[in-house]
Amino acid sequence: MTTQERIYAQLSKGVKKVALSTLKESIDFYIEYLNEPKNKAEQIVLDMERLGGEMQKILTEIQTLIPDAKTTLELGYRYTEEVDDLIERTRQSADELGIDPSDIGNFTELEAIAKEDFFYFKAIEDAWWENINYYTSELNDSEDLFK
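The notes below deal with the structure included here. (Residues numbered from 1 in each chain as written. Predicted model: local features only at pLDDT ≥ 70, side-chain atom pairs only at ≥ 80, totals over all residues. Heavy atoms only, no water.)

Turning next to the overall build of the protein. Each helix and strand in the protein was counted, giving 3 helices and 0 strands. Shown N-terminal to C-terminal, the secondary structure of the protein runs as helices and strands in the order α-α-α. Excluding contacts between residues fewer than 6 apart, the proportion of contacts in the protein whose partners are at least 24 apart in sequence is 62%. Accessible surface computed for the protein: about 12,600 Å², of which carbon and sulfur atoms make up 59%. (Helix = DSSP H or I, 4+ residues; strand = E, 2+ residues; numbered from the N terminus. Contact = heavy atoms within 4.5 Å. Areas by Shrake-Rupley, 256 points an atom, 1.4 Å probe, with all protein chains shown as cover.)

As C-alpha cells, this is what we get:
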C-alpha cells in the first residue's frame, strides 16, 4: 500500500483530518531554515579551533617569557637600588674630599643612566598589565556568554 493509500484509508476510518500540506510546508521550511545556522555553527567551530591553536602558541610564548621577565625585573630593580646607593656614596665621598663627583671615573655617565634605569624595568610591569593581563581578563569575561 502506498503512502497516499494509507492516508486515504485512515481518513475514511474517521481519523482526524490533518492538513498534510501544512505539515509538509513546515518540514520544508525548517529544513531550509536550519541550514544557515548549521553552516554558521560549523564555521564558528572551525574558527574557535583555529583560534584555540593560536592561543596555545601565544600562551606557550607568554609562559616562556614570564620567567625571563621576572628575573630581569628583579635584577633591574635590585641594580637600580644599588646604583642609587653608589651614586649617593660617591657624592658623599667626593664632598668629603672636596672634589666634584664627576671627577670620579664614569660618574656622570652612571648618573645619566640612573635617571632612566628605573623606567626600563617599570616598563616590563606596565607591558604586563596593559597588554597581557588586560586581554586575558577580557577573555575571562567572555565566558559569561556561555552561562
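Along its 35 residues, helix 3 (residues 107–141) runs 50 Å from first to last C-alpha, staying within 8% of the 51 Å computed at 1.5 Å per residue. The sharpest bend along helix 3 comes to roughly 40 degrees, located at lysine 115. (Expected span 1.5 Å × (residues − 1). Bend = angle between axes of the 7 residues up to and from the residue.)

This part takes up the pattern of salt bridges. Taken as a whole, this structure holds 8 salt bridges when the rule is applied. Arginine 78 serves as the salt-bridge partner of glutamate 82, at 3.3 Å between the closest nitrogen and oxygen. A residue pair is termed a helical-turn pair when its members lie 3 or 4 positions apart in one helix, as glutamate 82 and arginine 78 do in helix 2 (residues 20–97) at 4 residues. Here lysine 122 ties to glutamate 125 by a salt bridge, and the two come within 3.8 Å at their closest N and O atoms. With lysine 122 and glutamate 125 both in helix 3 and 3 residues apart, the pair spans about one turn of that helix. (Salt bridge = Lys/Arg side-chain N within 4 Å of Asp/Glu carboxyl O.)

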